[in-house]
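Architecture at a glance
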Amino acid sequence: MATDPSPPHWHCLDGEATAAHLDSDLGTGLSADAAAARLAQVGPNALLETGRRHPLLMLASQFTDFMILVLIAAAVIAGVVGEPQDAVAIVVIVFLNGIIGFVQEYRAERAMAALKKMASPQARVVRDGRADTIDATHLVPGDLVELEAGNILPADLRLTELAALKVDESALTGESQPVDKQLAPLPGVDLPLGDRLNLAFKGTVVTYGRARGLVVATGMKTELGRIAALLSGESGKTPLQKRLARFGRHLAIAVLAICAIIFVAGWLRGEPPLVILLTAVSLAVAAIPEALPAVVTISLALGAARMVRQNALIRRLPAVETLGSVTYICSDKTGTLTQNRMHVDCVHAAGETLPGLPDKPESPWRELGLAMALCNDAVAGRDGDLTGDPTETALLAAAQAAGYDKDEWLHTLPRVAEIPFDAERARMSTLHRDGDGVLILVKGAPEGVLSLCTDQLGAGGAAAAFDAVALQEAAETLAAQGLRVLAFAQKRQPRLPQAPDADSLERGLRFIGLVGMIDPPRPEAAEAVAACKDAGIVPVMITGDHPATARAIAQRLGLIEEGGKVLGGGELAKMSLEDFEREVDTVRVYARINPEQKITIVRALQDKGEFVAMTGDGVNDAPALKRADIGVAMGKGGTDVAREAAHMTLLDDNFATIVTAVREGRRIFDNIRKFVKYTMTSNSGEIWTIFLAPFLGLPMPLLPIHILWINLVTDGLPGLALAGEGAERNIMRRPPRPPKESIFAHGMWQHILWVGLLMGAVTLLTQAWALHTGSAHWQSMVFTVLTLSQLGHVLAIRSERESLFALGVFSNRMLVAALALTFVLQMAVLYVPWLNPIFKTAPLSVGELAACLALSSVVYIGVEIEKALVQRGWLYKDSTSQSTITETQPK
C-alpha cells in the first residue's frame, strides 16, 4: 500500500472500492505479512503522548528549580572568592540530589507506562481469513475489524457489513443520541462528521448491533487524532499533589523570611557574609519540600503497580489516594459477589431434603443421580471441563461428584430419542434403551412436571403415595430461599414409540425428586463483606435478579439479616429522589435494578455526603461508573466502554479485590503521610537549630555543606524506604478518611512542630555542652546528633500508634538497610581522612560518639512516648476516631 498524501473521501466509496484502494479483502482482510509491513510503515495506532519526556530532559529538569539555581549560584560565588572545596562539595551534592530525583521520576513514569500498556484496548481483527483479538495499537489501514455492542472503536473504519449498528458519537460530534449506521456510499465530499453514516470513528462507542469495517485511518490520522493534536496535555496532578504544592508555596515564603532573618542576624553578629549567605540559602533548599508532589506521584504510581499484582488495575492515578475515603461499595451480584456458575445447593426426595446429592446406591437417590446425568445435554471435555447450559453443567457436575459418570451410563442406557426443551412446556425429556424397554427421564419446572405425575418413587424404589400439593409447597419453599428449582420424573415403556410425542410420553410419570440450584457466593466474599463493615464501609448489593435470589445471597454474605429489606427496581422507579434519599442509607440490597437506576443510587448516596465505589460491566453501566467517586469495571466479563469509564478495573471480577484495593489505598496514603511527617519534621528541626542559635548566643551550628549533606542522606534512602512500610494493624478497623481532610490532620502538624523543636533543642544542647567542655569537635558533634536524630525519628514514625518493638525492628528490611547505609556514610564523613576537609569535620573520640548516640536517641524516645499517649487517648483526640468501629446492621 503506497502512502497517499491526500486520502480519498472514504464515505463516497462503496466497500469494494475501499478494499481495492487499501489493497485489502472484504472477506479475509490483510495477510499477517502485509499487516506487519504496514505497521512498520505507518507506525502504531496510538495518539501521541505529549506528557512523556526524554530521559535527558527529565534529568535536566531536576536542576531548574529556583532554589537549586540559587544554590548553584552561591557555589559559584564561593569558588570565585576562594572556597573551592565548598563549591565542589555543594555542586556534587546538588548533582547527587538531581540523580536521585531523576531515578525516582523515571521509575514512576515507567510504572505508569506499564499500567497504560496493560490497560490498552483490544480489537478483533480478521487476518488471513481468521478472526483474532490483538492489541489495538497494532491495527493498520486495510485491516478488517469486527465490532459488537460495548466496543470502543479502535480506529476510523469504513463499514462494510452491519446488523442494526448504532454508535454513540457524542465524544466526537456532540450528538447525544446514538447514530444508526448504513453501508451505502454518500454524496458530497464535505459532509460533516455526524452525517458520514457509513464511517465509524476512533474513540466512539458501539451501543447496539454488530458490524465489520475496513480501517481507513489510525493513530494521529484519525479524526480523534486531529482533535488530540489541537489539545495541550493535562497536568495530571492528583488532588493531594495540588494541595501539597500549594502548601509548599506558602511554606517557601515563610522559610525565605526566616532565612532573611538568619542572614541579617548573622551579619549583625559579624559572621562572614559569604558563610552566612550560603547557610541561609542551604537552609532554604533543605527546608522547602519542593520534592513532595513528586514523591506523591512516585508513591501513587508504584502503589498502583503493586495493586496490579493484587488484580486491581488502576486506570486513573487519583483513585489510589481516594480509595481510602470510600464509604459505600455498591457491587453487582453475579460474578463479583458470586461465582457466576450455578451449583446444586440441595436435593429433595422421598420426603427428605439433603444439602447435596448423596453417594448412595439405593432409591430414590440412585434414580435422581441418573436423571441429573442423563436428562442433560452438557458434555465433559477431555480435560474434564463441562460445557453447555449453566444449569445443566451444574446438574452434571453434582451427579458426577456423587459417582454418576454420564459417559459410562450412556453405554448402559444409551439415548435413543429426545423431546427438547421449549418455553411453553418448560421441560425436556430423554428416552434411553433399558434392556428390551425404554426409560423416559423428564426434567422441568416443578408446577409443570408435578401435574403430569401419578405417583412418586419412595425409599427402596417402591411407589409411594403422591401428594402434589405438598411437593409444590416444598418447591416453593426452596424457591423462596432464592434457589432455582427443577423437578425430575421417570416412566418406563415396553418399546420405543415410532414418533416420540410429548403429549403421549409425558403422562403418567413417577416423580423422583426436586433439585435446588443457586449461583453461590464466592468463598472469600463473606469475609470481604465483614472486612468492609469493620472498616466503616457499607457494602451494598445491586442485581437484576429476582428479589428472593438477591435476599438469599445477601443473607449468606451477611449483608442483611433474615427478613432484611430488599428494594426492587419497580419500587425505586415509583419513588422521587427526595423520598429515596430518605431511605437510601437503610437499603443494603437492590433487586431487579436496571443500569439507569444505578445512577440514581449513586446520586442519592453522594447527596447524603457518602463517597461511593460502584461496579459495572455493561455499556449502560458506564454513566454510573463515571458518576461514582470510584468506578470499578470488570476485567474478565466487562465491556471496553465500562473499563474506559471506570477508575479501576478488577482483573479477576472479584468483590474481595475491591476490599483489598481499599486496604492497599489506605496503606499507600498512610505511607505518604509518614513521608510528609518525616520530611517536614526533619526540615523543622533544621530550621529551629539554625534560627534559634544566634538568639541563644551560640555560633552558627552548621555549615552549608552539613545542611546539604543531611538533606541528601536523611531525606533520600530512609524517606523513600517508608513507601514500603506495611499496613497498620488497625488499617481496616477504622473509619474512611474524609476526602477533603487535610493530610496534616490527626495531630500531624503538632508533631512536626514539637518534634522539630525537640530535635533543634537536643542539637543546640549538644552544641552548648561541647563548647562548655572546650571540645574542638563541637561542630562535628552537632552535625552528627542532628543526622542521627532524624534516623531515630524515622524508626519511631513507622507506625502512628504502635511501638517499634511491637512492629518488629526488621519488619521493613528496606528501611533497616537504608538506615545502616546512612549511618555508615555519616561515620565515613567523620572518620575517612580525605573527607574531613571537604565536609569540615573531625574524627570524634569514643566518648564523644557515645554522647552523640545517647543525645540523638532522645527524639526516638520522645516520639515513642507520644505514641503511647495517643494509644491511651490522652493526646490528639481526633486521632482516636481511627480506633475500632462497628456498623449498625440494618434489619
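Conventions adopted
Residues numbered from 1 in each chain as written. Predicted model: local features only at pLDDT ≥ 70, side-chain atom pairs only at ≥ 80, totals over all residues. Heavy atoms only, no water. Helix = DSSP H or I, 4+ residues; strand = E, 2+ residues; numbered from the N terminus. Contact = heavy atoms within 4.5 Å. Areas by Shrake-Rupley, 256 points an atom, 1.4 Å probe, with all protein chains shown as cover. Salt bridge = Lys/Arg side-chain N within 4 Å of Asp/Glu carboxyl O. Buried < 20%, exposed > 50% of the residue type's maximum accessible area, 1.4 Å probe, protein only. Axes fitted to C-alpha atoms, helices over the stretch in contact; angles between N-to-C directions. Parallel < 35°, antiparallel > 145°, perpendicular 65-115°, else oblique. Left-handed = near helix turned anticlockwise from the far one by under 90°. Nonpolar A, V, L, I, M, F, W, Y, C, P; charged D, E, K, R; others polar. Phe/Tyr/Trp six-rings, centres within 6.5 Å; stacked < 30°, edge-to-face > 60°. Patch = residues over 30% accessible without salt bridge, like charges linked within 9 Å, V, L, I, M, F, W, Y side chains within 5 Å. pLDDT = per-residue confidence, 0-100. Pairing = 2+ DSSP bridges. Lys, Arg positive; Asp, Glu negative; His and termini not counted. Charge placed at Lys NZ, Arg CZ, Asp CG, Glu CD. Core = buried A, V, L, I, M, F, W, Y, C linked by side-chain atoms within 4.5 Å. Arc of directions from axis to C-beta.

This part takes up the overall build of the protein. Of regular secondary structure, the protein possesses 33 helices and 26 strands. Look at the contacts in the protein between residues 6 or more apart in sequence, and 71% of them connect residues 24 or more apart. Summing over all exposed atoms, the protein offers an accessible surface of approximately 38300 Å²; the carbon and sulfur share of this is 59%.

A few words on the pattern of salt bridges. A full pass over the atoms with the stated rule returns 32 salt bridges. Measuring nitrogen to oxygen at the nearest pair gives 3.3 Å for the salt bridge that ties Glu 146 to Arg 124. In this pair, Glu 146 sits in strand 3 (residues 144-148) while Arg 124 sits in strand 1 (residues 122-127), placing the two residues 22 residues apart along the sequence. Classification of Arg 124 by relative accessible area gives partly exposed; the value is 38%. Salt bridges sharing partners connect three or more residues here, namely Arg 124, Glu 146, Glu 161 and Arg 212.

With that settled, the discussion passes to the packing of helix 28 (residues 748-772) against helix 29 (residues 778-796). Packing of helix 28 against helix 29 brings their axes to within 9 Å, and their N-to-C directions diverge by 155 degrees. As the angle between them shows, helix 28 and helix 29 are arranged roughly antiparallel. When you trace helix 28 past helix 29, the crossing you get is right-handed. In this structure, helix 28 uses His 751, Val 755, Met 759, Val 762, Thr 763, Thr 766, Gln 767, Trp 769, Ala 770 and Leu 771 to contact helix 29, whose residues at the interface are Trp 778, Met 781, Val 782, Val 785, Leu 786, Ser 789, Gln 790 and His 793. Taken together, the residues of the contact of helix 28 with helix 29 sort by class into 11 nonpolar, 7 polar and no charged.

With that settled, consider the environment of Leu 144. Along the chain, Leu 144 turns up in strand 3. For Leu 144, a relative accessible area of 0% gives the class buried. Ignoring any residue separated from it by four or fewer positions in sequence, one finds Leu 144 in contact with Asp 25, Leu 26, Gly 27, Gly 29, Arg 124, Val 125, Val 126, Thr 160, Arg 212, Gly 213 and Leu 214.

All right, on to the side chain of Gln 606 then. The residue Gln 606 is located in helix 22 (residues 595-607) in this model. For Gln 606, a relative accessible area of 19% corresponds to the buried category. Among all residues touching Gln 606, those that are not within four sequence positions of it are Val 612, Arg 627, Ala 628 and Asp 629.

This part covers the packing of aromatic side chains. This model, assessed by the stated rule, comprises 4 aromatic pairs. The interplanar angle of 50 degrees and the centroid separation of 6.5 Å between the aromatic rings of Phe 466 and Phe 511 together place this pair among those described as tilted. Remark: Phe 511 occurs in strand 20 (residues 509-518) and Phe 466 occurs in the loop between strand 18 (463-464) and helix 16 (468-480); sequence separation between them is 45 residues. According to the relative accessible area criterion, Phe 466 is partly exposed, its value standing at 22%. Residue class for Phe 511 comes out buried when judged on its relative accessible area of 0%. Measuring from ring centre to ring centre gives 5.3 Å for Phe 691 and Phe 695, while their planes differ by 55 degrees; the resulting arrangement is tilted. Of this pair, Phe 691 and Phe 695 are both found in helix 25 (residues 655-695), 4 residues apart, which corresponds to roughly one turn of the helix.

A surface patch of nonpolar side chains, about 240 Å² in accessible area, is lined by Leu 69, Ile 72 and Val 76. Relative to the assigned elements, Val 76 resides in helix 4 (residues 66-80).

Moving on, we come to the confidence of the model for the protein. Counting all residues, the mean pLDDT for the protein is 86, and 88% of those residues have values of 70 or more. Note on residues 231-236: pLDDT under 50 across the span, and 2 contacts to partners over four residues away in sequence or across chains. Note on residues 879-891: pLDDT is under 50 here. Beyond four places in sequence and across chains, it has 37 contacts.

The 8 strands lie next to each other as 8-26-25-24-9-21-23-22, forming an open sheet whose pairing is mixed. Each of the sheet's edge strands pairs with one partner strand only, and the pair in question is strand 8 (312-314) and strand 22 (567-568).

When you line up the elements, Thr 681 lands in helix 25. Every residue in contact with Thr 681, bar those within four places of it in the chain, is listed here: His 751, Ile 752, Val 755, Gly 756, Met 759 and His 793.

The next point concerns the pairing of strand 14 (residues 415-422). Side-chain direction in a regular strand flips from residue to residue, so the side chains alternate between the two faces of the sheet. By the bridge criterion, 5 bridges tie strand 14 to strand 15 (residues 427-434) in an arrangement that is antiparallel. Counterpart to Arg 415 in the pairing with strand 15 is His 432. Where strand 14 folds back on strand 15, the antiparallel hairpin that results is connected by 4 residues, among which Ala 426 adopts a positive phi of roughly 60 degrees.

Moving on, we come to a negative patch on the surface. Together, Glu 447, Asp 467, Glu 473 and Glu 476 make up a negatively charged patch on the protein surface. Within the fold, Glu 447 resides in helix 15 (residues 446-450).

Turning to the nonpolar core, a few remarks are in order. The biggest cluster of nonpolar side chains holds 134 residues, and the ones touching the most others in it are Ile 329, Met 648 and Phe 655. One finds Val 344, Leu 357, Leu 396 and Ile 512 within the second-largest nonpolar core, a separate group that totals 32 residues.

Our next topic: unusual backbone geometry. Each neighbour pair has its own omega, and for Ser 363 with Pro 364 the value is 0 degrees, a cis peptide bond. Tracing the backbone shows Pro 364 in the loop between strand 11 (352-354) and helix 12 (365-374). The phi torsion at Arg 592 lies on the positive side, around 50 degrees, for a residue other than glycine. Structurally, Arg 592 can be placed in the loop between strand 23 (589-591) and helix 22. Given the relative accessible area of 46%, Arg 592 is considered partly exposed. Backbone geometry places His 746, a non-glycine residue, at a positive phi of 60 degrees. By the secondary structure assignment, His 746 is in the loop between helix 27 (717-721) and helix 28. With relative accessibility at 12%, the residue His 746 sits in the buried group.

With that settled, the discussion passes to the packing of helix 28 against helix 33 (residues 846-871). Helix 33 packs onto helix 28 with a crossing angle of 160 degrees between their chain directions and a minimal axis gap of 10 Å. Relative to helix 33, the element helix 28 is oriented roughly antiparallel. Two packed elements cross with a definite hand, and for helix 28 against helix 33 that hand is right-handed. Listed contacts from helix 33 to His 751, Trp 754, Val 755, Leu 758, Met 759, Val 762, Thr 766 and Trp 769 of helix 28 are Ala 851, Leu 855, Val 858, Val 859, Gly 862, Val 863 and Glu 866. Taken together, the residues of the contact of helix 28 with helix 33 break down into 11 nonpolar, 3 polar and 1 charged.

Attention shifts here to helix 18 (residues 525-534). Looking at helix 18, one finds that the buried residues are Ala 525, Ala 528, Val 529, Cys 532 and Lys 533. Down the axis of helix 18, the smallest arc covering the buried residues is 145 degrees, so these residues share one side. Buried-residue contacts for helix 18 involve strand 9 (328-332), strand 21 (538-542), helix 19 (547-557) and helix 25. Gly 536 occupies a position one or two residues after helix 18 and carries a positive phi of about 75 degrees.

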